[in-house]
Amino acid sequence: MMVSSSRVTVVALLADPDAPTEVAQRMARVLPARLAGRSGPGRRFDIEVVSEPFTSGSEDPPTLMRRIRDRAGSENWDVVVALTDLPLRADGHTLVVDVQQGHGLALLSLPSLGGLRLQKRARRVVEEAVLGLVNPRVDKGEGSPPRQPLRAPFAGHLMPVHPDPVGGEYAADLRYVVSGRRGRLRVLAGMVRANRPWRLVPGLSKGLAAALATGAIATVNSTVWSLAEALSTPRLVIATIGSLVIMIGWLIVDAQLWHRPSKSSPEARQRARLYNTSTIVTVAIGVLVCYVGLMGINFVWALFILNDRVFVSLTRSPLDVSDYVTLAWFVASVATVGGALGSGLESDEAIRAAAYSKREQERRRMLESDHGDY
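Predicted model only: the values in this text are computed from it and were never measured.

### Things to note about the pairing of strand β3 (residues 79–84)
Counting buried residues in β3 gives 6 out of 6 residues, a clear majority hidden from the surface. On β3, burial covers both faces: Val79, Val81 and Leu83 on one face and Val80, Ala82 and Thr84 on the other are all buried. Bridge count for strand β1 (residues 8–15) against β3 is 5 bridges, and the pairing is parallel. Pairing of alanine 15 across the sheet is with leucine 83, part of β3.

Below, the structure written as structure tokens:
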């Protein structure tokens, strides 16, 4: 598929469902004007957003590029930029974007852009990829393929991104990858963002109901009052960490969220570590949000229910603001353990749906059906 000579360039944003489609739809509102302004007078751009699960069953960039090329072959598109929220690896590197100049194709892995300012970064990459495909620069040398490096705003100091040489069937292509510790952290942040950990809160309705019931009962228990009054701040911190670890561990084990590599290769083990780390961080953020919410609800409940005279008669100390905070803090830890038990009533599918993006859910279902190894 070659770029047409028409001054109207049709650009298709082929996006995986869920987050990639939302990113593509938002950038489609501003891309025509931005691309026209940067490509010179007389050229217009039409942007089409196509939401399809083009990564279904595969994480291999060459396979995905073939799928994109086959999909574009039946359409009147000049340029195709595909967006996915799966982390992709090629030749031992984490892929940011793959470009096939001769076919007008680009593949972008959104997690490689990190967890912050994703929309802006994704739009910048798409702009540079489209302009590079529309206006290719032919290298010096007879028979050299057209190669247009992406511009500095993308592959500059803002991100740990650099071009990576490609060979074989990718001899005419450009590839940008992330590397190093900073790059790995950025990919991890992007994966966590794609999982949207805040969705875990409504997804744990039964666990939250159990936690709220546990907290309501514990708040009116005089033994809990005495324990909270006697606990020092370090012990409260330990109780908090312990309850969070119990909740996180229970969710991961009970819902079988831990990923085991199907192969013993270093690449498979590294991929498994990346997925498991993103799972831990995703669940930890969701559980921490629940914990803070429980602490706030318990504080309000304590303000409403506690009686000064009864509290003083049992604890031998006056009731002040610090007592409300300490009690709410301790009760939140107790309630979180109760919530862990209550979360066992949730189905595994419900927890996975709350903890993972649609692409990640599909990937894990495929592994479960094919290998049964997670």
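From this point, things continue past the structure.
### Notes on the packing of helix α9 (residues 233–254) against helix α12 (residues 321–342)
For the pair α9 and α12, the least separation of the axes is 8 Å and the interaxial angle reads 20°. Considering their axes alone, α9 and α12 lie roughly parallel with respect to each other. Where α9 crosses over α12, the two elements pack in a sense that is left-handed. In contact with Thr233, Leu236, Val237, Ala239, Thr240, Ser243, Ile246, Met247 and Trp250 of α9, α12 contributes Thr326, Trp329, Phe330, Ser333, Thr336, Val337, Gly339 and Ala340. Its residues assigned to classes, the contact of α9 with α12 comprises 10 nonpolar, 7 polar and no charged.

### Quick word on the pairing of strand β5 (residues 93–100)
Within β5, 7 of the 8 residues are buried, leaving the element largely enclosed by the surrounding structure. Both strand β4 (residues 89–90) and β5 contribute to a ladder of 2 bridges, which runs antiparallel. By the bridge assignment for β5, alanine 90 is matched with histidine 93. Joining the antiparallel neighbours β4 and β5 is a turn of 2 residues, in which aspartate 91 adopts a positive phi near 55°. Bridge count between β5 and strand β6 (residues 105–109): 4 bridges; the pairing is antiparallel. The residue of β6 that forms the bridge with valine 99 is alanine 106. As consecutive antiparallel partners, β5 and β6 are separated by 4 residues, and within that stretch glycine 104 has a phi angle of approximately 65°, a positive value.

### Remarks on helix α5 (residues 180–195)
Across its 16 residues, α5 extends 23 Å between first and last C-alpha, which sits within 8% of the 22 Å expected from 1.5 Å per residue. Within α5 the residues assigned to the buried category are Gly183, Arg186, Val187, Leu188, Gly190, Met191, Val192, Ala194 and Asn195. Count one or two residues on from α5 and you reach arginine 196, which has phi positive near 55°.

### Let's talk about the side chain of serine 278
Looking at the secondary structure, you find serine 278 in helix α10 (residues 266–305). Other than its neighbours up to four places away in sequence, serine 278 contacts Leu188, Met191, Val192 and Asn195.

### A word on the confidence of the model for the protein
Considering every residue of the protein, the mean pLDDT works out to 79; 79% of them sit at 70 or more. Here strand β7 (residues 161–163) is the element of the protein with the lowest mean pLDDT, 54, and β3 is the one with the highest, 94. The low-confidence segment residues 137–147, where pLDDT is below 50, has 19 contacts with residues more than four positions distant or belonging to other chains.

### So, the UniProt feature "transmembrane region" (unreviewed entry) in the protein
The UniProt entry lists residues 208–228, 234–253, 274–304 and 324–342 under the feature "transmembrane region" (unreviewed entry), expressed in the numbering used here. Note that residues 208–228 is 90% helix and 0% strand, and that its end C-alpha atoms are spaced 22 Å apart. Helix and strand shares over residues 324–342 are 100% and 0% respectively, and the end C-alpha atoms of the span are 26 Å apart.

### Digging into the nonpolar core
Counting 53 residues, the largest nonpolar core has Leu13, Ile68, Leu107 and Val130 as its most contacted members. Broken down by element, this core gets its largest block of residues, 9 residues, from helix α4 (residues 118–134). Leu200, Ile248, Val287 and Tyr291 belong to the second-largest nonpolar core, a separate cluster that totals 17 residues.

### So, the pattern of salt bridges
Under the criterion given, the structure shown has 6 salt bridges. Glutamate 127 is the salt-bridge partner of arginine 123, the closest N and O atoms lying 3.1 Å from each other. You can see arginine 123 and its partner glutamate 127 sitting in helix α4, 4 residues apart, about one turn around the helix. Arginine 123 sits in the buried class, given a relative accessible area of 19%. What makes glutamate 127 buried here is its relative accessible area of 1%.

### Concerning the packing of helix α2 (residues 31–39) against α4
It is the contact of α2 with α4, at a shortest axis distance of 11 Å, that shows an interaxial angle of 45°. Here α2 lies oblique to α4, going by the angle between them. The handedness of the crossing between α2 and α4 is right-handed. Contacts between α2 and α4 pair Leu31, Arg34, Leu35, Arg38 and Ser39 from the former with Arg123, Val126, Glu127, Glu128, Val130 and Leu131 from the latter. Each residue belonging to the contact of α2 with α4 can be placed in one class, and the counts come to 5 nonpolar, 1 polar and 5 charged.

Parameters and conventions
- Residues numbered from 1 in each chain as written.
- Predicted model: local features only at pLDDT ≥ 70, side-chain atom pairs only at ≥ 80, totals over all residues.
- Heavy atoms only, no water.
- Buried < 20%, exposed > 50% of the residue type's maximum accessible area, 1.4 Å probe, protein only.
- Helix = DSSP H or I, 4+ residues; strand = E, 2+ residues; numbered from the N terminus.
- Pairing = 2+ DSSP bridges.
- Axes fitted to C-alpha atoms, helices over the stretch in contact; angles between N-to-C directions.
- Parallel < 35°, antiparallel > 145°, perpendicular 65-115°, else oblique.
- Left-handed = near helix turned anticlockwise from the far one by under 90°.
- Contact = heavy atoms within 4.5 Å.
- Nonpolar A, V, L, I, M, F, W, Y, C, P; charged D, E, K, R; others polar.
- Expected span 1.5 Å × (residues − 1).
- pLDDT = per-residue confidence, 0-100.
- UniProt positions renumbered as here; feature names shortened; annotations may be inferred.
- Core = buried A, V, L, I, M, F, W, Y, C linked by side-chain atoms within 4.5 Å.
- Salt bridge = Lys/Arg side-chain N within 4 Å of Asp/Glu carboxyl O.

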